[in-house]
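What follows is the residue order along each chain.
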Amino acid sequence: MKLFFKSLFILNIVSFLLSILYLVFPIETVYLNGYGLLLIVTLTGNIISSVIGSQSKKADFAYLILSSVGLTAVLLLNTVASLSPTNASSRSILSIGILILMMILGAIVTRTPRTKRSARGTFLSQRQSEKKTKKVIRIILMFLLTAFLLIGAFLAFVLVTGRDVGLVQVVISQYSLFYSLIFLSIAGLLLKISKFRLRSIIGVLISILGISLFVLFNLPLFTLPSLLNETKTDYTEAFGEEWKTIGEDNSLFMSSPISIPGYFFGISSTDHTVTEDVLFYEGTEGVDEGLELRFDVYTPPVNADQLPGQGSTLIRIHGGGWNSGNKGSENYSQINKYFADQGYVVFDVQYGLNDQDQFVEFATVPDEISGDFSIDDMVRHLGIFTTYLADHHEEYSANIDSVFVSGGSAGGHLANAVALGLSSGEYTDLLDDRLTVNGIIPIYPANGLAGYQDITGEDELVDPALLVEENSPPALVYQGQHDTIVDPRVAENFKDAYLENNNTEIAIIRMPYGEHASDLYFPGFYSQTFIYYMERFMYQYR
């Protein structure tokens, strides 16, 4: 036992020092994942040590509380920092502080093991008589912790089975590594607070539940090697071997499809400028009366010509079931920041939303972007933006001869409709043909699904797969395999449309256990993997 604690004490010190180096000298390399694995082992070992017990019961309890509550705060803070258009760094100082504190407290816990094991793990007095108030508090805490563990069991069940639980699925797989540590800590707290012996039947059951949740929530991590191998093969089959040398000598490119330290600490953004709420259209008559549409633009540093993107244009279209959603944080703005850092000019664009019942019931939609709009209207609104861009692109140093269009869910469908509509040359009345689309990046695209929302439109715009031709732009598609909102077969059908038209330039990156919107957490492993290939795809075809 002493050897176990001593080893963990050393691991905490090493993890602390490496974390400081990682934060002070932010150079990404594949070898940093060795440090990331060390961090996972350290955090897991600290939980086990706190349950076994050190010399300080208070330190044990403090660590288990920090591990459960603190890691919950970390994932929330990282997400908020990532989604905020105005958070230039995309990192949370507070979440970094919590992680550093966990290593410091972990070193305190593991410095010396308990010399004499207590018969029962509890933070309450071991006296035979227990004050009534303390007993009530203990029972309440036990019920709460048990309830949290049952919630964890439900989330793990959904993760493994892919059951349809609505929008709850959004917050499962991409945060699963956090959950593995959080629920293991909660199980440890329950063991410490209860008066059950560790080797009693109930104590064993709690231990088994905690360990089982830890293992199940790590399944997405365990499947990463197969994900990366399959993705590498599929991408190469679609786009050739050229991509393998892209970014070798450029620090702006991700050096590896995943960064474990980045998952915990967040992935920082660097040099870009954000201009929000630029008005590009005011409707004055007909269905558009009162409509006001705006965009945010993320521009690279002044030396964009020296950056990978060289001023190429990325148009991003938000999702939300065609009747909710918005630009900005609801369109995962760190993607915008990331590619602006790389030298792309990124436009995050609004379009008119259908004013029927919201896809997300609690969503709020501004009146000025809501109306009785069809899919044709939405494509028309985005077409108005393409004309604005063609007229004003020099103001933003945006290259309209090298345009990429991307979006998620309903936005992925509209990205396909706009890009394929432009490339087909059949919709010059809606879309400005001065733009040249070099690539499409649809993310779980909801092709052909607008009818389920009772939203109509021209067949080819409702299902853009009908617009695919032999010379259609290359497409890189993101799809979660456990998505119950947009069936993965939709993405497969889209790929089949390419192949049936003798166009092989399409690849689907399939995320095992990934649900709808599983790219919400930018530092998550699914999002990182997709961005790794997306940046190479855009560089290859810019």
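Placed above this text is the structure.
Residues numbered from 1 in each chain as written. Predicted model: local features only at pLDDT ≥ 70, side-chain atom pairs only at ≥ 80, totals over all residues. Heavy atoms only, no water.

What the protein chain contains, in helices and strands, is 16 helices and ten strands. Along the three orthogonal principal directions, the C-alpha set of the protein chain runs to about 85 × 50 × 40 Å. Counted over contacts in the protein chain with a minimum sequence separation of 6, partners at least 24 positions apart contribute 81%. For the protein chain, the accessible surface area stands at approximately 22500 Å², while carbon and sulfur atoms represent 58% of it. Here the protein chain holds 34 positive side-chain charges and 56 negative ones, and the gap between their average locations is 34 Å. (Helix = DSSP H or I, 4+ residues; strand = E, 2+ residues; numbered from the N terminus. Contact = heavy atoms within 4.5 Å. Areas by Shrake-Rupley, 256 points an atom, 1.4 Å probe, with all protein chains shown as cover. Lys, Arg positive; Asp, Glu negative; His and termini not counted. Charge placed at Lys NZ, Arg CZ, Asp CG, Glu CD.)

Another aspect to go through is the packing of aromatic side chains. The description of an aromatic ring pair rests on the distance of the ring centres and on the angle between the ring planes. One pass over the structure, following the stated rule, counts 39 aromatic pairs. Taken together, a centroid distance of 5.2 Å and an interplanar angle of 55° make the contact between Trp243 and Tyr533 tilted. One end of the pair, Trp243, is in the loop between helix H9 (224–239) and helix H10 (260–265); the other, Tyr533, is in helix H16 (residues 525–541), with 290 residues separating them in the sequence. Assessed through its relative accessible area of 4%, Trp243 is described here as buried. Through successive ring pairs, a cluster of aromatic residues spans Tyr175, Phe178, Tyr179, Phe183, Phe217, Tyr263, Phe264, Tyr521 and Phe525. The aromatic ring of Tyr539 is capped on one face by Arg542, whose charged end is 4.0 Å from the ring centroid. (Phe/Tyr/Trp six-rings, centres within 6.5 Å; stacked < 30°, edge-to-face > 60°. Buried < 20%, exposed > 50% of the residue type's maximum accessible area, 1.4 Å probe, protein only. Lys NZ or Arg CZ within 6 Å of the ring centre and 35° of its normal.)

Okay, the pattern of salt bridges next. One side chain can pair with another of opposite charge once the charged atoms of both are near each other. Enumeration according to the criterion identifies 14 salt bridges in this entry. Across the pair Arg294 and Glu292 runs a salt bridge, and its minimum N-O distance is 3.2 Å. Of the residues examined, Arg294 reaches a relative accessible area of 22% and is grouped as partly exposed. Residue classification places Glu292 among the partly exposed residues on the basis of a relative accessible area of 25%. Note that Asp432 and Arg434 form a salt bridge whose closest N and O atoms lie 2.8 Å from each other. On the basis of relative accessible area, Arg434 is assigned to the partly exposed category, the value being 39%. Through salt bridges with shared partners, one network takes in Glu230, Asp234, Glu492 and Arg510. (Salt bridge = Lys/Arg side-chain N within 4 Å of Asp/Glu carboxyl O.)

This part takes up the environment of Ile47. Along the polypeptide, Ile47 turns up in helix H2 (residues 32–52). A residue is classified by how much of its surface remains accessible, and Ile47, at 1% relative accessible area, is buried. Separated by 139 residues in the primary sequence, Ile47 and Ile186 have C-alpha atoms spaced 9.6 Å apart.

Take the sheet that holds strand S10 (residues 506–511) next. The mixed open sheet is built from eight strands, whose spatial order is S1-S2-S4-S3-S7-S8-S9-S10. The open sheet has two edge strands with one neighbour each: strand S1 (273–282) and S10. Each strand axis lies, on average, 20° off the axis of its neighbour in the sheet, ignoring direction. Bridge count for strand S8 (residues 437–443) against strand S9 (residues 475–480) is two bridges, and the pairing is parallel. Bridging across to S9, Ile440 finds its partner in Ala475. Those strands touched by helix H11 (residues 333–341) are strand S2 (292–299), strand S3 (312–317) and strand S4 (345–349), and its axis lies near 45° from that of S2. (Pairing = 2+ DSSP bridges. Axes fitted to C-alpha atoms, helices over the stretch in contact; angles between N-to-C directions.)

Everything listed here is a matter of geometry and, on its own, says nothing about what the molecule does.
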